[in-house]
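As a plain string of letters, each chain reads:
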Amino acid sequence: SRSSTSAADPATPGAPTAATTRAQQQQQARARARERNRRAAVLCRARRKVRLQTLQEEVAAATAQNERLATAAEELRVAIAALRKGVEEQKAERESKKGPGGGGVGGGGEHVCEECREGGSGEEVGSGREE
């Protein structure tokens, strides 16, 4: 004899039927939510991994650039020190050539009077040529 209650269709498991109870529907809804959450978590982890890898690459590039800039800065400091030393040596050499009289006769230094330093009259002093 047949039962008066209808059974769920075995061909479509999980599909709500008249025999599905409220508790089963809630359980199925929770299962679907958990599955959606699992998929979202997988995507989130993948995006985080890509973002972290990108940041690590940026840090590596910035570190390499920082090292290059530090090396260039040190090279420039050394060059500046050498130039300053050269300027000081030239000043000392000029001072020693001027002698105690300030560059008079026999000093061997270049003629540079105050007027010539300031632009003077435009004449060439001591050039030996007259126009």
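Residues numbered from 1 in each chain as written. Predicted model: local features only at pLDDT ≥ 70, side-chain atom pairs only at ≥ 80, totals over all residues. Heavy atoms only, no water.

Asker: What is the right way to read the overall build of the protein chain from this model?
Answerer: When helices and strands are counted, the protein chain shows two helices and zero strands. Carbon together with sulfur atoms contributes 53% to the accessible area of the protein chain, which is approximately 12,100 Å² in total. (Helix = DSSP H or I, 4+ residues; strand = E, 2+ residues; numbered from the N terminus. Areas by Shrake-Rupley, 256 points an atom, 1.4 Å probe, with all protein chains shown as cover.)

Asker: Sorry, what's going on with the pattern of salt bridges here?
Answerer: A side chain of one charge can pair with a side chain of the opposite charge when the charged atoms of the two come close. Across all of its chains, the model carries six salt bridges by this definition. Its salt-bridge partner being E93, residue K97 comes within 3.4 Å of it at the nearest N-O pair. Here E93 and K97 lie together in helix 1 (residues 22–98), a separation of four residues that amounts to about one turn. Looking at K97, the relative accessible area reads 42%, which means it is partly exposed. Given the relative accessible area of 45%, E93 is considered partly exposed. Each of E35, R38 and R39 takes part in salt bridges that share partners, so that together they form one network. (Salt bridge = Lys/Arg side-chain N within 4 Å of Asp/Glu carboxyl O. Buried < 20%, exposed > 50% of the residue type's maximum accessible area, 1.4 Å probe, protein only.)

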